[in-house]
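Here is what each chain is made of, one letter per residue.
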Amino acid sequence: MKNLLAQLVEQAIGTLQADGTLPAGLDIDVQVERGRGEGHGDFATNTAMRLAKPARRPPRELAQALVDALPPHRYVERVEIAGPGFINFFLTADAAFAVIRDVWEQGEAFGRSRAGEGRRILVEFVSANPTGPLHVGHGRGAAFGSALASLLATAGFDVQREYYVNDAGRQMDILAVSVLLRYLEQRGGAVPFPDNGYRGDYIRDIASGLAERDGDAYRIDTAALTAKLPADASDGGDKEAHVDALVRRSRELLGEARYRAVLDAALEAILADIRDDLGEFGVHFDRWFSERSLTENGAVGRTIERLVEAGHCYEADGALWFRATDFGDDKDRVVRRADGLTTYFASDIAYHLDKFERGFDQLIDVFGADHHGYMARVRASLEAFGYPADRLEFRLVQFAILYRGAERLPMSTRSGEFVTLRELREEVGNDAARFFYVMRRPEQHLDFDLELAKSESADNPVYYLQYAHARICSVLRQLDEQGLDHDPDAGFQALARLTEDHEQALISQLGRFPEVIETAALAHEPHQLAHYLRELAGAFHTYYNAHQFLVDDAGLRNARLNLVLATRQVLRNGLRVLAVNAPERM
RNA sequence: GCCCCGGUAGCUCAGUCGGAUAGAGCAACCGCCUCCUAAGCGGUAGGUCGCAGGUUCGAAUCCUGCCCGGGGCGCCA
């Protein structure tokens, strides 16, 4: 509808240009918005005010000229000029009823848009380090990223969902050693656990799985393992040096093949857990991109060479630095350390280069806000390769702060225990978790109240929405029980019977859905959809309370049921994008 | 010190590209089940849009400075 009105206005502009009222060659995008207040019509445009300056004529005069030149349309009943030069559109009843027909005809496809047609977009999200289970912070990135991806897909983009697996580097070694030590402990060879190791219970589980599968294959001499190690932090030493030495020793004693087997077992177990966790949460990826693969296939090495050849690097203190300051970063960044190992940053450049080389028009990285320091350097590296920085968008997701009523829960304790995504899902359910995560703009801190998410009351927006859907299903069940029937065709004939204000309001909400999908998708803001759905549910609940649907008057009943079923369809379509269930009864 | 995000009703938050009288939900107060699910609905009250300048027909929105809160500034990932 918005687009239709914009087209009419554009035609009017064309007419005025042809007769010389407006100068030729002005390029203005016509903005049509929904009228808010009572007297402002169904839609409004500020075009006349925006044209006033280039046309050098008063806005109200231009508005009148535009109105005079506006081609008539059966959906437009009348047009008014108001305020400083707004043009307000009042639509015919036909226009409203057309929405109900559209929903019925298009069904699940209602709301899909072609706005992104032909554009390939890659959304990278979660990408949590595979060193342990996902926590509630990752959950927000997961819910946001997947909602964004399906929103983009609904708006016609060709979307790829990707999880970057940081399966290389020091943290993997520490993980391997943590598992090895728990394994040795279980096989009777206890060794003091390093302060910097991963202490969670899942490490023990992985260790026992390893023991079950391979028996004593990884038993090594614990005395040799711990002899003359630098002191750990709790012994007054340095925890980093201690754990690094432990890694080297483990590697020597196990040999490369067995060491790798332990590491891979740990990695696979954790990745499998993450995959299951996300799957149950309704989050799926097209590709799990391994960081290690970039090192092993030489991509990282080639990337560094290219940077060097292009003159963007220098050596200092034995390390190789990328001159990121040439491209707006605060500092230059190391890509190859003095010990010869490439940094995480080097892999990340190679990964983003790979993304571009796969031909995506646009990249979106969803990161936790604590990673924001990364944006400048990654952008810098891509600019060094000649890619325009604006094709990569970072979406920073702030942390979720958990509350139980008024009590704030600690994000993580010293022992390394934190509230996991799985615990959250089990406590409040997937639907509430997803909706709460997506309800807020990602750059807002999220106060996540577990009590509220679980409450079956009006306070809880998830139930409010789902209840609207369940109520409609219940009406249909009542229809059967009361022995009444619903004839959709007759309902369409009788749409003119829908004259109540509540009906007009609900229809108007239904009509917004395609606009919301498109706007939210282009802005990369799923929360807009969440807010819209709540408003839609609100319009329905109001209507439900004000009027009876299952009336004896068959014409009115059929028409109302057509409207109510259209509402159910839109609720379903919207909830599906957010991957929240639409229950038939509650 | 530098960088990123936030500051809108008592609380939690929307507010699209600068538009018309700043909006929801909760909490508070007053009402609504003989009726398709009261997990619902109606009403009342509640505001210096952090502060100060600037830009213009018009600013919560854009620019500058400052204040407050959170996060980040490794040859970690």
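Residues numbered from 1 in each chain as written. Chains lettered and ligands numbered in written order. Predicted model: local features only at pLDDT ≥ 70, side-chain atom pairs only at ≥ 80, totals over all residues. Heavy atoms only, no water.

**Digging into the domain arrangement of chain A**
Worth spelling out the cut-off: These domain boundaries are the output of an automatic or database domain assignment.
Each domain of chain A was delimited in the assignment, giving domain 1 (1-91), domain 2 (138-164 + 284-397) and domain 3 (458-578). Each of domain 1 and domain 2 has a C-alpha centre, and these two points are 45 Å apart.

**Here's the deal with the UniProt feature "domain: DALR anticodon binding" (unreviewed entry) in chain A**
As a reminder of what qualifies: UniProt positions are given in the numbering used here, feature names are shortened, and annotations may be inferred rather than shown by experiment. Under the DSSP-based scheme used, a helix requires at least four consecutive residues in state H or I and a strand at least two consecutive residues in state E, with every element numbered from the N terminus.
According to UniProt, the positions carrying the feature "domain: DALR anticodon binding" (unreviewed entry) are residues 465-586. Within the segment residues 465-586, helix and strand shares are 74% and 0% respectively, and the terminal C-alpha atoms sit 11 Å apart.

**With respect to the packing of helix α9 (residues 239-280) against helix α14 (residues 421-428)**
Convention followed: Every axis corresponds to a line fitted to the C-alpha atoms, with the helix fit spanning only the stretch in contact, and the corresponding angles, defined between N-to-C directions, vary from 0 to 180 degrees. Roughly parallel means an angle under 35 degrees; roughly antiparallel, over 145; roughly perpendicular, 65 to 115; everything else is oblique. Handedness of a crossing follows from how the near helix is turned relative to the far one, being left-handed for an anticlockwise turn of less than a right angle and right-handed for a clockwise one. What makes two residues a contact is simply this: any of their non-hydrogen atoms within 4.5 Å. As a working rule, the residues Ala, Val, Leu, Ile, Met, Phe, Trp, Tyr, Cys and Pro are called nonpolar, Asp, Glu, Lys and Arg charged, and the rest polar, with Gly in that last group.
Packing of α9 against α14 brings their axes to within 10 Å, and their N-to-C directions diverge by 30 degrees. Taken together, the axis directions place α9 and α14 in an arrangement best described as roughly parallel. The hand of the α9/α14 crossing is left-handed. Only Leu421, Arg422 and Arg425 of α14 make contact with α9, whose side of the interface consists of Asp273, Asp276, Asp277, Leu278 and Glu280. The residue inventory of the contact of α9 with α14, partitioned by class, reads two nonpolar, no polar and six charged.

**A few points about the pairing of strand β12 (residues 392-397)**
Residues in a regular strand point their side chains to alternate faces of the sheet. Rules: Here the term buried applies to any residue with accessible area under 20% of the maximum for its type, exposed to any over 50%, and partly exposed to those in between, with areas from a 1.4 Å probe on protein chains only. Strand pairing is assigned whenever DSSP identifies at least 2 bridges connecting the two strands.
Burial analysis of β12 places five of its six residues in the buried class, the great majority of the element. Direction of pairing for strand β11 (residues 362-368) relative to β12: parallel, over a ladder of six bridges. The residue bridging Phe367 from the neighbouring strand is Leu396, located in β12.

**With respect to the side chain of Ser150**
Basically, it comes down to this: Any N or O atom pair separated by 3.5 Å or less is treated as a polar contact, with the protein-specific requirement of one donor-capable and one acceptor-capable atom, and with residues adjacent in sequence counted only for side-chain atom pairs.
As for its placement among the helices and strands, Ser150 is situated in helix α5 (residues 136-154). Within the local environment of Ser150, its side chain forms a polar contact with the backbone oxygen of Ala147, the two atoms lying 3.3 Å apart. Contacts of Ser150, omitting those with residues within four sequence positions, involve Arg161 and Val577.

**Things to note about unusual backbone geometry**
Positioned with a positive phi, Val126 is a non-glycine residue whose angle comes to about 65 degrees. Inspection of the secondary structure assignment puts Val126 in the loop between β5 (120-124) and α5. Residue class for Val126 comes out buried when judged on its relative accessible area of 13%. A positive phi angle, close to 55 degrees, is found at Lys228, a residue other than glycine. In this structure, Lys228 sits in the loop between α8 (222-226) and α9. Overall, Lys228 belongs to the exposed group, its relative accessible area being 82%.

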